[in-house]
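Fold and geometry: a report
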Amino acid sequence: MFASLQSDAAEKILLHHKYKKNGLNSIIFIHRDKLYDKSSAILNIFSVLGMPWRLFTVFDFLPLSWRNFLYDFI
């Protein structure tokens, strides 16, 4: 399922997960009732998509601050 971060549905879901929005410039991914944002969301999406996308999860070894810096840069 997809929802715009500006929508009422997303607002309720984010409130349920106690996530505070820092603007609307990020991706949020919820899988098995766990919320991921920014680079963690991208890596978890790649993991769920399977091969060949799963190969990109190798970047999970990078510290979160570095990954999010790259995410924001891209």
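What this report covers is the structure whose coordinates are included nearby. Please read all numbers here as calculations on a predicted model, not as lab measurements. (Residues numbered from 1 in each chain as written. Predicted model: local features only at pLDDT ≥ 70, side-chain atom pairs only at ≥ 80, totals over all residues. Heavy atoms only, no water.)

**Let's talk about the pairing of strand E1 (residues 28-31)**
On a regular strand, one side chain projects to one face of the sheet and the next to the other, so that they alternate. Sheet topology note: the E1/strand E2 (residues 34-37) ladder contains 4 bridges and is antiparallel. Opposite histidine 31, over in E2, you have lysine 34 as the bridge partner. Connecting the antiparallel pair E1 and E2 is a turn made up of 2 residues, with arginine 32 showing a positive phi of about 55°. (Pairing = 2+ DSSP bridges. Helix = DSSP H or I, 4+ residues; strand = E, 2+ residues; numbered from the N terminus.)

**A word on the packing of aromatic side chains**
For the coordinates displayed, the defined rule picks out 4 aromatic pairs. Residues phenylalanine 46 and tryptophan 53 carry aromatic rings whose centres are separated by 5.5 Å and whose planes lie at 15° to one another, so their mutual orientation is stacked. (Phe/Tyr/Trp six-rings, centres within 6.5 Å; stacked < 30°, edge-to-face > 60°.)

**Focus on a nonpolar patch on the surface**
Taken together, Leu49, Trp53, Phe56, Val58, Phe59 and Phe61 make up a surface patch of nonpolar side chains, about 640 Å² in accessible area. Relative to the elements of secondary structure, leucine 49 occurs in helix H2 (residues 38-49). (Patch = residues over 30% accessible without salt bridge, like charges linked within 9 Å, V, L, I, M, F, W, Y side chains within 5 Å. Areas by Shrake-Rupley, 256 points an atom, 1.4 Å probe, with all protein chains shown as cover. Salt bridge = Lys/Arg side-chain N within 4 Å of Asp/Glu carboxyl O.)

**Re the layout of surface pockets**
Put simply, the largest pocket is a space of about 570 Å³. Lining the largest pocket are 15 residues, and of these Met1, Phe2, Ala3, Ile28 and Ile30 sit closest to its centre. Elements with a minimum of two residues in the lining of the largest pocket: helix H1 (8-16) and E1. For the lining of the largest pocket, the leading source of residues is H1, giving 4 residues. Grouping the amino acids of the lining of the largest pocket by side-chain chemistry returns 13 nonpolar, 2 polar and no charged. Of the volumes computed, that of the second largest pocket is approximately 300 Å³. Forming the boundary of the second largest pocket are Ser39, Ile42, Leu43, Phe46, Phe56, Phe59, Leu62, Arg67, Leu70, Tyr71 and Ile74. At the level of secondary structure, the elements contributing two or more residues to the lining of the second largest pocket comprise H2 and helix H3 (64-73). The biggest single contributor to the lining of the second largest pocket is H2, with 4 residues. In terms of residue class, the lining of the second largest pocket is made up of 9 nonpolar, 1 polar and 1 charged. (1 Å grid on protein atoms, 1.4 Å probe; cavity = no way out; pocket = protein on both sides within 12 Å on 5 of 7 lines; lining within 4 Å. Points joined across faces, edges and corners; volume = space filled by probe spheres on them. Nonpolar A, V, L, I, M, F, W, Y, C, P; charged D, E, K, R; others polar.)

**Overview of H2**
Taking 1.5 Å per residue as the helical rise, H2 with its 12 residues ought to reach 16 Å, and the 17 Å between its terminal C-alpha atoms agrees with that figure. Considered for burial, the residues of H2 that qualify are Ser39, Ser40, Ala41, Leu43 and Phe46. Residues of H2 that are buried make contact with E1, E2 and H3. Downstream of H2 by a residue or two, glycine 50 has a phi angle that is positive, lying close to 85°. (Expected span 1.5 Å × (residues − 1). Buried < 20%, exposed > 50% of the residue type's maximum accessible area, 1.4 Å probe, protein only. Contact = heavy atoms within 4.5 Å.)

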